[in-house]
Amino acid sequence: MNKAELVESVAAKSGLTKKDSEKAVAAVVDTIVATLAKGEKVQLVGFGTFETRVHKERTNINPQTKKEQVIPQTTVPAFKPGKAFKDAVK
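Parameters at a glance
- What you see as residue numbers is a count from 1 along each chain, following the sequence as written.
- A pLDDT threshold of at least 70 governs which residues receive local features in this predicted model, and a stricter bar of 80 or more applies before side-chain atom pairs are shown or counted, although totals over entire chains, interfaces and linings include all residues.
- Side-chain calculation: all heavy atoms of the structure are included, whereas hydrogens and water are not.
- Helix numbering and strand numbering both begin at the N terminus, where a helix is a DSSP run of H or I of at least 4 residues and a strand a DSSP run of E of at least 2.
- Only C-alpha atoms enter the radius of gyration; for comparison, a globular chain is expected to reach 2.2 Å times N to the power 0.38, where N is the number of residues.
- Any residue under 20% of the maximum accessible area for its type is buried, any over 50% is exposed, and the rest in between are partly exposed; the area is computed with a 1.4 Å probe on protein chains only.
- Whether two residues touch is decided by their heavy atoms; if any such pair falls within 4.5 Å, the residues are in contact.
- Accessibility throughout is a Shrake-Rupley quantity obtained with a 1.4 Å probe, and a residue counts as covered only by protein chains that appear here.
- By the convention used here, strands pair only if DSSP detects at least 2 bridges between them.
- By salt bridge we mean one thing: a side-chain nitrogen of Lys or Arg within 4 Å of a carboxyl oxygen of Asp or Glu.

1. Observations concerning the overall build of the protein chain
Part 1: The helix and strand tally for the protein chain stands at three helices and five strands.
Part 2: Going residue by residue from the N terminus, the α and β elements of the protein chain occur as α-α-β-β-β-β-β-α.
Part 3: Against the 2.2 N^0.38 benchmark of 12 Å for 90 residues, the protein chain shows a C-alpha radius of gyration of 19 Å, more extended than a compact globule.
Part 4: Principal-axis analysis of the C-alpha atoms gives the protein chain an extent of 60 × 30 × 30 Å.
Part 5: Looking at the 90 residues of the protein chain, the share that counts as buried comes to 16%.
Part 6: Taking all contacts inside the protein chain whose residues are at least 6 apart in sequence as the whole, residues at least 24 apart take part in 28%.
Part 7: As presented, the protein chain carries roughly 7,300 Å² of accessible surface, and 56% of it is formed by carbon and sulfur atoms.

2. Focus on the pairing of strand 3 (residues 58-61)
Part 1: Where strand 3 lies against strand 4 (residues 68-71), four bridges are found, and the strand directions are antiparallel. Paired with Asn60 across the strands is Gln69, a residue of strand 4.
Part 2: Counting the residues in the hairpin turn of strand 3 and strand 4 gives six residues, including Lys66, whose phi is positive at 65 degrees.

3. What about unusual backbone geometry?
Part 1: The backbone of Lys66 sits at a positive phi, close to 65 degrees, despite the residue not being glycine.
Part 2: In this fold, Lys66 is placed in the loop between strand 3 and strand 4.

4. Some details on the pattern of salt bridges
Part 1: Taken as a whole and judged by the stated rule, the model has two salt bridges.
Part 2: Residue Arg53 pairs with Glu51 through a salt bridge whose shortest N-O separation is 3.0 Å.
Part 3: Of the residues examined, Arg53 reaches a relative accessible area of 39% and is grouped as partly exposed.
Part 4: In this structure, Asp87 engages Lys83 in a salt bridge whose closest nitrogen and oxygen atoms are separated by 2.9 Å. On the criterion of helical spacing, the pair formed by Asp87 and Lys83 is a turn pair, its members being four residues apart in helix 3 (residues 83-89).
Part 5: You can call Lys83 exposed: its relative accessible area is 64%.

Coordinates in, geometry out; function isn't part of it.
Here it is, written out as structure tokens:
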């Protein structure tokens, strides 16, 4: 399912127009992204938790040049599904 299909599904299930559904989906995504960018997490009970995780700095060896290189510390988004979500997918 892509974003357009999600908007159609939300419109059908909620009774909203496609235009309003697109605004709602965009607002939810934008809010989640903005909250994660601030370092906070978003918890949707029954669905899951969006959070950020820090990957530590590490060294790697380039297989072509055999030189060591440092991969800097990075912060990445992560999603942890809730119990109800896991059970529904089983």
